[in-house]
Amino acid sequence: MIETKVSQGIISTYFEKMQRNLNLDVAIVGGGPSGIVAAYYMAKAGLKVAQFDRKLSPGGGMWGGAMMFNQIVVQEEAMDIVRDFDINYAPFEDGLYVMDSVESTAALLYKAVHAGATIFNCYSVEDVIFKNDVVSGVVVNWTPVLREGLHVDPLNILAKCVIDGTGHDSEMCCTVARKNGIKLNTETGGVIGERSLDVVSGEDEVVKGTKEIYPGLYVCGMAASAVSGTPRMGPIFGGMLMSGKKVAEMIIEKLKNQ
Ligand code: 48F
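First, a word on scope: everything that follows refers to the structure included in this document.

Quick word on the nonpolar core
Counting residues in each nonpolar core, the largest one holds 72 residues, and the members touching the most others are Val-26, Met-42, Phe-52, Ile-163 and Ile-251. For this core, the leading source of residues is helix H2 (residues 33-44), giving 8 residues. Leave out the neighbours within four places in its chain, and Val-26 touches Met-42, Leu-47, Lys-48, Val-49, Ala-50, Ala-159, Cys-161, Ile-163, Ile-251 and Leu-255.

Section: a nonpolar patch on the surface
Taken together, the side chains of Ile-2, Val-6, Ile-10, Ile-11 and Phe-15 make up a nonpolar region of the molecular surface, amounting to roughly 520 Å² of accessible area. For Val-6, a relative accessible area of 47% corresponds to the partly exposed category.

Things to note about the pattern of salt bridges
The final tally for this structure, using the stated rule, is 10 salt bridges. The closest approach of N and O atoms between Lys-111 and Asp-86, which form a salt bridge, is 3.3 Å. Separated by 25 residues along the polypeptide, Lys-111 in helix H4 (residues 101-114) and Asp-86 in the loop between helix H3 (79-84) and strand S4 (90-91) bring together distant segments of the chain. Between Glu-194 and Arg-232 there is a salt bridge, with the nearest N and O atoms lying 3.8 Å from each other. Placement of Glu-194 in the loop between helix H6 (171-180) and helix H7 (199-208) and of Arg-232 in the loop between helix H8 (222-228) and helix H9 (238-256) is noted, with a sequence separation of 38 residues between them. According to the relative accessible area criterion, Glu-194 is partly exposed, its value standing at 27%. Taking the relative accessible area as the measure of exposure, Arg-232 reaches 36% and is therefore partly exposed.

Digging into the site of the ligand
Near the ligand lie 28 residues; those nearest to it are Ser-34, Asp-53, Gly-61, Met-222 and Gly-234. For the ligand, a nitrogen atom lies 3.1 Å from a polar atom in the backbone of Arg-54. Bound to the protein, the ligand loses 92% of the 730 Å² it would expose on its own. When contributions to the shell around the ligand are tallied by element, the ones reaching two or more residues are H2, strand S2 (49-53), strand S7 (123-131) and H6. Tallying contributions element by element places S7 first for the shell around the ligand, with 3 residues. Residues belonging to the shell around the ligand are distributed by class as follows: 11 nonpolar, 13 polar and 4 charged.

Thresholds, definitions, all that
- Residues numbered from 1 in each chain as written.
- Predicted model: local features only at pLDDT ≥ 70, side-chain atom pairs only at ≥ 80, totals over all residues.
- Heavy atoms only, no water.
- Core = buried A, V, L, I, M, F, W, Y, C linked by side-chain atoms within 4.5 Å.
- Buried < 20%, exposed > 50% of the residue type's maximum accessible area, 1.4 Å probe, protein only.
- Helix = DSSP H or I, 4+ residues; strand = E, 2+ residues; numbered from the N terminus.
- Contact = heavy atoms within 4.5 Å.
- Patch = residues over 30% accessible without salt bridge, like charges linked within 9 Å, V, L, I, M, F, W, Y side chains within 5 Å.
- Areas by Shrake-Rupley, 256 points an atom, 1.4 Å probe, with all protein chains shown as cover.
- Salt bridge = Lys/Arg side-chain N within 4 Å of Asp/Glu carboxyl O.
- Near = heavy atom within 4 Å.
- Polar contact = N/O pair within 3.5 Å; in protein donor to acceptor, adjacent residues only side chain to side chain.
- Nonpolar A, V, L, I, M, F, W, Y, C, P; charged D, E, K, R; others polar.

Here's what the structure looks like:
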């Protein structure tokens, strides 16, 4: 019966997809623009990559542009990345370009999945796997389970590298520091916290702050700003895209030598 076949098609392929992703090269926590860009370049390089976002629609803060005016701005330095994703753009002024935020977010997601990354939506990462003082994977649960406060244990997924791409809250860095009494690779050894807005230094510093913050744990995007205590930059997205590409290149280089 077609009714049963439809259900079987979903269930069997979904659980097969889940099984395929229990041992990863890279687990990306958060489906914002920086993490999606990272997913694309790493998948394209042949790494086994899965990305987890707690929302129904991954894409983070990119869909809504600024204040829900759905346009975004990207500076010249990041335009090669925009071209890699085939996003339409128009020059504006002073080396700035504008594009439609919905097209841009959809293009990032499409290209990442098409390149071979798997995106799991409605998954909340509630912890990391921490073995021999190395971050070694993620602990995931259904977002509705956590929202409802149900007492249900999560599942574990191993990964050679974990990326914290959770945005302003830098959730994985906070969790690792809080639970394990370790020092992160920051000036204070802890999560410093994001500073108020400055577009120029914010864009520069987010790329500089994209790094391995603790063995096995990398940080990109706004999470990198929050952890290292650098300024937010608002709705200019070049820094996010460049941060995602940088973390991808670091991990590709690292895993190539293993
Ligand atoms: O914040 P977000 O868009 O990430 P980003 O790549 O980009 C920041 C920009 O959108 C913008 C900006 C540009 O200048 O400042 O804010 O740093 O997206 C983060 C995503 O992570 C998900 C969340 O739902 C969002 O889609 N997320 C956060 N914590 C978790 C999570 C978690 N623990 N588990 C799963 N997903």
